[in-house]
Amino acid sequence: VTLTESQVKALEEEIKLLAYFITEGSLSRGNAAFSQAPGPRLSEFENLCREYLGGRIVKASDVYTILIRGTGRRGENGALELLRRNGLYGKTSSEKRVPPAIFELPNDQVRLFLNRLFACDGWFYVPSGSGGSAHVGYVSTSEGLVRDIQHLLLRLGIHGRIRTRLPRKGRRYWFTFIYPFWKLF
């Protein structure tokens, strides 16, 4: 199947939105919310919501949280439609997974998805001095999400390790490390 230029653009917008909702989204309680400090990711998210979802952005009382309200293309909240269609609506942070449709995408679109995930919940570490190794990582409270990300990275030929931590207070979290970081390029 050959997609038109506008269909490819719409698909890429959906890929970006899914990644943003997975990393910084609140996906339940009848709302779709996104929390992010002001900057390029928040600006891109707001533009995607206006252009692709057709919803209106409402700033919450927290200056870093926005709610997507209004109607989408079929008279519903476009953000909630997107989340339901991809099995994400109602998921807590520890229940989130990569939607099955992402695994079917070509590698360039998988890279786009991973780019937005890592832009929000990833890190790049370069040690000062001679100790430690430079690496790239991703963290989540969802073991399944981290394992899904690991699967996508392996598909791109990028190997990493999965680790878990249980802080003295709080929830267990999972992360993947990519050593050495130049395997990304």
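Residues numbered from 1 in each chain as written. Predicted model: local features only at pLDDT ≥ 70, side-chain atom pairs only at ≥ 80, totals over all residues. Heavy atoms only, no water.

Some thoughts on the overall build of the chain
Phase 1: When its secondary structure is counted, the chain shows six helices and eight strands.
Phase 2: Ordered by position in the sequence, the α and β elements of the chain form the string α-β-β-α-β-β-α-α-α-β-β-α-β-β.
Phase 3: Counting all 185 residues of the chain, 42% fall into the buried class.
Phase 4: Excluding contacts between residues fewer than 6 apart, the proportion of contacts in the chain whose partners are at least 24 apart in sequence is 59%.
Phase 5: Summed over all atoms, the accessible surface of the chain reaches about 10,200 Å², with 51% contributed by carbon and sulfur. (Helix = DSSP H or I, 4+ residues; strand = E, 2+ residues; numbered from the N terminus. Buried < 20%, exposed > 50% of the residue type's maximum accessible area, 1.4 Å probe, protein only. Contact = heavy atoms within 4.5 Å. Areas by Shrake-Rupley, 256 points an atom, 1.4 Å probe, with all protein chains shown as cover.)

Description of the pattern of salt bridges
Phase 1: For the structure shown, the criterion picks out six salt bridges.
Phase 2: Taking the shortest distance from any N to any O, the salt bridge between lysine 9 and glutamate 13 comes out at 2.7 Å. On the criterion of helical spacing, the pair formed by lysine 9 and glutamate 13 is a turn pair, its members being four residues apart in helix H1 (residues 5–24).
Phase 3: Residue class for lysine 9 comes out partly exposed when judged on its relative accessible area of 47%.
Phase 4: For the salt bridge of glutamate 14 with arginine 85, the shortest nitrogen-to-oxygen distance reads 2.8 Å. Separated by 71 residues along the polypeptide, glutamate 14 in helix H1 and arginine 85 in helix H3 (residues 78–85) bring together distant segments of the chain. (Salt bridge = Lys/Arg side-chain N within 4 Å of Asp/Glu carboxyl O.)

A word on the environment of glutamate 44
Phase 1: Mapped onto the elements of the fold, glutamate 44 is located in helix H2 (residues 40–53).
Phase 2: Residues glutamate 44 and leucine 17, 27 residues apart in the sequence, show an inter-C-alpha distance of 9.3 Å.
Phase 3: Excluding residues that lie within four positions of it along the chain, glutamate 44 makes contacts with Lys16, Tyr20 and Arg116.
Phase 4: In this structure the side chain of glutamate 44 is engaged in a polar contact, spanning 2.8 Å, whose partner is the side chain of arginine 116. (Polar contact = N/O pair within 3.5 Å; in protein donor to acceptor, adjacent residues only side chain to side chain.)

Quick look at the sheet that holds strand S5 (residues 122–125)
Phase 1: Across the sheet, which stays open at both edges, the four strands sit in the order S5-S6-S8-S7 with antiparallel pairing between neighbours. The two strands at the open ends of the sheet, each matched to only one other strand, are S5 and strand S7 (161–165). Neighbour-to-neighbour, the strand axes of the sheet open up by a mean angle of 25 degrees, direction not taken into account.
Phase 2: Direction of pairing for S7 relative to strand S8 (residues 173–178): antiparallel, over a ladder of five bridges. Residue pairing for S8: arginine 161 is matched across the bridge by phenylalanine 177.
Phase 3: Its contacts with the sheet put helix H6 (residues 143–155) on strand S6 (135–140), S7 and S8, and the angle it makes with S8 is roughly 15 degrees. (Pairing = 2+ DSSP bridges. Axes fitted to C-alpha atoms, helices over the stretch in contact; angles between N-to-C directions.)

Some words on the pairing of S6
Phase 1: Across the six residues of S6, five count as buried, placing the element largely inside the fold.
Phase 2: By the bridge criterion, four bridges tie S5 to S6 in an arrangement that is antiparallel. Along S6, the bridge assignment pairs phenylalanine 124 with valine 136.
Phase 3: In the sheet, S6 pairs with S8 via five bridges, with the strands oriented antiparallel. Bridge assignment links valine 139 to a residue of S8, and that residue is phenylalanine 175.

A look at the packing of H1 against H2
Phase 1: Closest axis-to-axis distance for the H1/H2 pair is 10 Å, and the angle between their directions is 130 degrees. It follows that H1 is oblique to H2 by the angle criterion. Helix-helix and strand crossings are classified by hand; for H1 and H2 the assignment is left-handed. Two secondary-structure elements touch here, H1 through Lys9, Ala10, Glu13, Glu14, Lys16, Leu17, Tyr20 and Phe21 and H2 through Arg41, Glu44, Phe45, Leu48, Cys49, Glu51, Tyr52 and Leu53.
Phase 2: Here the residues of the contact of H1 with H2 are counted per class, giving nine nonpolar, no polar and seven charged. (Parallel < 35°, antiparallel > 145°, perpendicular 65-115°, else oblique. Left-handed = near helix turned anticlockwise from the far one by under 90°. Nonpolar A, V, L, I, M, F, W, Y, C, P; charged D, E, K, R; others polar.)

A short note on H1
Phase 1: Its 20 residues place the ends of H1 29 Å apart at the C-alpha level, agreeing with the 28 Å of an ideal helix rising 1.5 Å per residue.
Phase 2: Among the residues of H1, those classed as buried are Glu13, Glu14, Ile15, Lys16, Leu17, Leu18, Ala19, Tyr20, Phe21, Ile22 and Thr23. (Expected span 1.5 Å × (residues − 1).)

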